[in-house]
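# Survey of secondary and tertiary structure
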Amino acid sequence: MGVETEILRADGTGVARAAALLRAGSCVAFPTETVYGLGARADDPTAVAGIFEAKARPAFNPLIVHVVSLEAAAAIAQFPPEAERLAAAFWPGPLTLVLPLGADAGIAEAVTADKPTLALRVPENALARQLLQEVGLPIAAPSANPSGRVSPTTAAHVIEGLSGRIAAVLDGGPCAVGLESTIVGIADTPKLLRPGGLPTEAIEACLGQPLAMRSSGGSITAPGQLASHYAPRATLRLNAKTARPGEVFLGFGPGDFDENLSQAGDLPEAAARLFAMLRALDENGAEAIAVSPIPDHGLGRAINDRLRRAAAPRP
Ligand code: TXA
Ligand code: MG
């Protein structure tokens, strides 16, 4: 609390103000093609602490660092051959690589939660790129929501969750992809740590081999994988063929629903609308939501992942 959060326009003045605030060590939310991120300079422990405080994020949960280019990424992390290949194919874009932290990377320990690895991504959103270019520093940025809540896909969502807790939000309109990045760990074999905005099929085609899967029940390598996450207030029931009394029926594809993620049955459209839809249903006082089945391929995998977490019992 205590600060009035500035809402900055998507123009040169807005980007310059956001960059100045970030350089000075403040927390600033900004759009990416996936979701809005809450940025702070990754080399400054005090600035990074501000992220954890604003989000009430547990300290064991490390942050993704955002840079403007592969060159900037290579200065702070090591790139095994698979990582080079994926970065060349998919950056800028909705892919995060977890890589061995570079020697003398100068990244604050809280960013990696003291691990020897660094999560890195080069976003594609034009405003994000202008901002990173102008700041000229690696920027740590988790999704710009209070910990455990649904990620924001508009500046208004950011304000709803974090107003008064962060210096500013750069308003770039709605996010094109609408789901967080796909996270791939590059260890012995590339491993899917979180499905997201880049379909796993594309990653596997690029690598010419299947991704290893995170073993369930093992230790949590990406705390975004904690069971209850991305949670709206309403309860969710998945793979529903019909709605029960009192439930709002959220559909996919043609049919008789109260709301629809995509009438046309288009997965990218459904992904882009999912989080805003969950928020709108919350706002309209829905207590129970029944969701019709979503195909489990392409972006459907990430949609189903987020729906399962939204449906999981709350702590
Ligand atoms: O699309 C996105 O990835 C967005 C935008 C803002 O870039 N960011 C995002 O950040 O979703 P966040 O903090 O909400 O999710 C990052 C996930 C967390 O689950 C975290 O545990 C995991 O990345 N992570 C970060 N560093 C890691 C590391 N070194 N090893 C394993 N997982 C890591
Ligand atoms: Mg998040």
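Structural notes, computed from the coordinates. On a predicted model such as this, the values are computed, not experimentally measured, just so you know.

## Describing the overall build of the chain
Along the chain, the regular secondary structure elements total ten helices and 15 strands. Computed over the C-alpha atoms, the radius of gyration of the chain is 19 Å, within 12% of the 20 Å expected from 2.2 N^0.38 for a compact globule of 315 residues. Expressed along its principal axes, the backbone C-alpha trace of the chain runs to roughly 60 × 50 × 35 Å. Counting only residues that meet the buried cut, the chain has 54% of its 315 residues in that class. Expressed as a percentage of contacts within the chain between residues at least 6 apart in sequence, the contacts between residues at least 24 apart total 67%.

## Here we look at the sheet that holds strand β15 (residues 288–291)
What the four strands build is an open sheet, ordered β12-β15-β13-β14; its pairing is parallel. One side of each edge strand has no neighbouring strand; the edge strands of this open sheet are β12 (235–237) and β14 (259–260). The pairing of β12 with β15 spans three bridges and is classified as parallel. Pairing of Arg 237 across the sheet is with Ala 290, part of β15.

## A short note on the nonpolar core
In this structure, Phe 79, Leu 86, Leu 97, Val 111 and Leu 120 are the most contacted members of the largest nonpolar core, which totals 49 residues. Mapped by element, the contributors of at least two residues to this core are β3 (37–41), α2 (45–55), α4 (81–90), β5 (95–100), β6 (117–121), α7 (155–162), β9 (182–186) and α8 (200–207). Among the elements that line this core, the one with the most residues is α2, at five residues. Sequence-distant contacts of Val 111, that is, excluding residues within four places in its chain, are made with Ala 42, Val 48, Pro 62, Leu 63, Val 65, Leu 118 and Ala 140. Among the nonpolar cores identified, the runner-up in size contains 25 residues, and Ala 271, Leu 278, Leu 281 and Ile 289 belong to it.

## Topic: the packing of aromatic side chains
The full count for this structure, using the stated rule, is two aromatic pairs. Residues Phe 79 and Trp 91 carry aromatic rings whose centres are separated by 5.9 Å and whose planes lie at 80° to one another, so their mutual orientation is edge-to-face. In this pair, Phe 79 sits in the loop between α3 (70–74) and α4 while Trp 91 sits in the loop between α4 and β5, placing the two residues twelve residues apart along the sequence. Judged by relative accessible area, which is 10%, Trp 91 ranks as buried. Where Phe 249 meets Phe 257, the ring centres are 4.9 Å apart and the plane angle is 75°; that geometry is what we call edge-to-face.

## Thoughts on the sheet that holds strand β1 (residues 6–8)
Read across the open sheet, the eleven strands follow the order β1-β8-β2-β3-β7-β4-β6-β5-β9-β10-β11; overall the sheet is mixed. For this open sheet the edge positions go to β1 and β11 (212–213), each flanked by a neighbour on one side alone. Relative to β3, strand β2 (residues 28–30) runs antiparallel, the two being bridged by three bridges. If you follow Ala 29 over to β3, its bridge partner there is Leu 38. Here α2 sits on the sheet in contact with β3 and β7 (139–140), set at roughly 155° to β3. Of the strands in this sheet, β1, β2, β3 and β8 (168–170) are in contact with α7, which crosses β8 at around 165°.

## Examining the pairing of β15
Of the two faces of β15, the one holding Ala 288 and Ala 290 and the one holding Ile 289 and Val 291 are both buried throughout. Bridge count between strand β13 (residues 248–251) and β15: three bridges; the pairing is parallel. Bridging from a neighbouring strand, Phe 249 pairs with Ala 290 of β15.

## Looking at the pattern of salt bridges
For the coordinates displayed, the defined rule picks out eight salt bridges. Across the salt bridge formed by Arg 41 and Asp 43, the nearest N and O atoms sit 2.8 Å from each other. By relative accessible area, which is 32% here, Asp 43 ends up partly exposed. For Arg 309, the salt bridge goes to Asp 305, with nearest N and O atoms at 2.7 Å. Remark: Asp 305 and Arg 309 occur in helix α10 (residues 299–311); sequence separation between them is four residues, near one turn of the helix. With respect to class, Arg 309 is no different from Asp 305; both count as buried. Through salt bridges with shared partners, a single ionic network connects Glu 180, Asp 305, Arg 306 and Arg 309.

Each value, and the rule that gives it
Residues numbered from 1 in each chain as written. Chains lettered and ligands numbered in written order. Predicted model: local features only at pLDDT ≥ 70, side-chain atom pairs only at ≥ 80, totals over all residues. Heavy atoms only, no water. Helix = DSSP H or I, 4+ residues; strand = E, 2+ residues; numbered from the N terminus. Rg over C-alpha atoms; globule rule 2.2 N^0.38 Å. Buried < 20%, exposed > 50% of the residue type's maximum accessible area, 1.4 Å probe, protein only. Contact = heavy atoms within 4.5 Å. Pairing = 2+ DSSP bridges. Core = buried A, V, L, I, M, F, W, Y, C linked by side-chain atoms within 4.5 Å. Phe/Tyr/Trp six-rings, centres within 6.5 Å; stacked < 30°, edge-to-face > 60°. Axes fitted to C-alpha atoms, helices over the stretch in contact; angles between N-to-C directions. Salt bridge = Lys/Arg side-chain N within 4 Å of Asp/Glu carboxyl O.

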